[in-house]
Amino acid sequence: MADGIAELRALLAESQRVVFFTGAGISTESGIPDFRSPGGLWSQYRPIEFGEFMASAEARKEYWRRKIETDKVLLTAKPNRGHRAIAALIASGKASSVITQNIDGLHQTSGVPVAKIVELHGNTTYATCLDCGERYELEPIKQVFVADGTLPECTACMGIIKPATIAFGQSMPQAEMHRAQIETVACDLFISVGSSLVVYPAAGFPALAHEKGASLVIVNREPTPLDNMARLVIRGEIGPVLGQAVGIE
Ligand code: NAD
Ligand code: ZN
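Residues numbered from 1 in each chain as written. Chains lettered and ligands numbered in written order. Predicted model: local features only at pLDDT ≥ 70, side-chain atom pairs only at ≥ 80, totals over all residues. Heavy atoms only, no water.

1. Observations regarding the coordination of the zinc ion (ligand 2)
Looking at the zinc ion (ligand 2), one finds its protein donor set to be C129 (SG), C132 (SG), C154 (SG) and C157 (SG), positioned 2.3 Å from the metal centre. Around the zinc ion (ligand 2), the four donor atoms are arranged such that angles at the metal cover 98 to 118°; this shape is classified as tetrahedral. Going along the chain, you hit the donors of the zinc ion (ligand 2) in the pattern C-x2-C-x21-C-x2-C. Remark: C154 occurs in the loop between α6 (138-148) and β6 (161-165) and C129 occurs in strand β4 (residues 122-129); sequence separation between them is 25 residues. Residue C129 shares its accessibility class with C154, and that shared class is buried. (Donors = N, O, S within 2.8 Å, 3.2 Å for Na, K, Ca; no water. Tetrahedral: all angles 85-135°; square planar, octahedral: opposite > 155°, others 65-115°. Helix = DSSP H or I, 4+ residues; strand = E, 2+ residues; numbered from the N terminus. Buried < 20%, exposed > 50% of the residue type's maximum accessible area, 1.4 Å probe, protein only.)

This is the structure we're talking about:
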């Protein structure tokens, strides 16, 4: 067992209410590269910011072209042992929720009820109208776009349709930020998994948990700027670490 797993088991046993906070690192074992990996999905292009998306049809076309490429990896990925370990602790009632920066929907696929997932950066597995919020599935949009380059438009209000993620420059979802705050303040054990903890405001939640008296655990391959606040830092691979700590395959 990697260093710290016995201590994590003990912390889990003595805690009443656990919150998980996940970043891109929990999904790398599912084949989705994280933000930093060289040559990864995200490092090839400068991201299209929200303002550009709104202002220019050409930027929207480029956005959809890239999405169709990255979806080949994102939408075929399956949850891994780390996702399953979290799902098991949610199912047993030990953990109250998972606050995630991820957009891949793998916590849902692993069986965590939607009501127990807080998505801070949205979800890339569907789209919404930016004006009225109507939900749209991706496949029909992509088929039309690939056929003749037509951009999707809301059938209800003619608004712009965008994948349901939070782009750079787009404001954070207020309801989710509020729920994340309530969950963070209410927990006694906060476990950050696979996040570099440099993306704000998301990375404010582990710090808030610590400030409010919860024990902070950080599971990450690399050091993070909040390691000095943590009761326990485990530098290992997430699937094996959480799998062993929770006792699932
Ligand atoms: P990040 O890429 O900044 O950090 C990921 C961290 O996980 C790194 O420190 C890395 O060392 C660690 N890591 C990777 N694989 C690991 C493993 N198997 N075991 C242990 N540690 C591992 O990710 P972030 O903090 O989530 O910030 C990136 C932003 O990009 C997020 O806001 C997110 O919205 C977005 N993003 C999402 C996805 C996704 O949905 N899967 C993927 C990439 C980026
Ligand atoms: Zn609309």
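2. Quick look at the packing of aromatic side chains
This model, assessed by the stated rule, comprises two aromatic pairs. An angle of 70° between the planes, with centres 4.9 Å apart, marks the rings of F53 and Y63 as edge-to-face. Taken together, the residues span a long stretch of sequence, with F53 in helix α2 (residues 50-55) and Y63 in helix α3 (residues 57-74) at a distance of 10 residues. Accessibility expressed as a relative area gives 1% for F53, which makes it buried. Stacked on the ring of Y126, the Lys or Arg R135 has its end atom at 4.0 Å from the ring centre. (Phe/Tyr/Trp six-rings, centres within 6.5 Å; stacked < 30°, edge-to-face > 60°. Lys NZ or Arg CZ within 6 Å of the ring centre and 35° of its normal.)

3. Overview of the layout of surface pockets
If you add up the space inside the second largest pocket, you get close to 480 Å³. Along its surface, the second largest pocket is lined by 28 residues, and Q108, E119, G122, N123 and Y126 are the ones closest to its centre. Taken together, the elements giving at least two residues each to the lining of the second largest pocket come down to α5 (106-109), β3 (117-119), β4, β6 and α7 (174-186). Counting residues per element, the lining of the second largest pocket draws most heavily on β4, which supplies five residues. Across the lining of the second largest pocket, the residue classes tally to 12 nonpolar, 10 polar and six charged. Here the lining of the second largest pocket gathers at least three residues from each of two domains, domain 1 (1-31 + 79-121 + 172-249) and domain 2 (33-76 + 122-165). (1 Å grid on protein atoms, 1.4 Å probe; cavity = no way out; pocket = protein on both sides within 12 Å on 5 of 7 lines; lining within 4 Å. Points joined across faces, edges and corners; volume = space filled by probe spheres on them. Nonpolar A, V, L, I, M, F, W, Y, C, P; charged D, E, K, R; others polar. Domains from an automatic or database assignment.)

4. Describing the site of ligand 1
What surrounds ligand 1 is a group of 27 residues, the closest being Q101, D104, H121, S196 and E222. One nitrogen or oxygen atom from the side chain of S195 is found 2.9 Å from an oxygen atom belonging to ligand 1. A distance of 2.7 Å is found between an oxygen atom of ligand 1 and a side-chain nitrogen or oxygen belonging to E222. In isolation ligand 1 offers 850 Å² of accessible surface; the protein chains occlude 96% of this area. Here the shell around ligand 1 spans two domains, and each of domain 1 (1-31 + 79-121 + 172-249) and domain 2 (33-76 + 122-165) adds at least three residues to it. (Near = heavy atom within 4 Å. Polar contact = N/O pair within 3.5 Å; in protein donor to acceptor, adjacent residues only side chain to side chain. Areas by Shrake-Rupley, 256 points an atom, 1.4 Å probe, with all protein chains shown as cover.)

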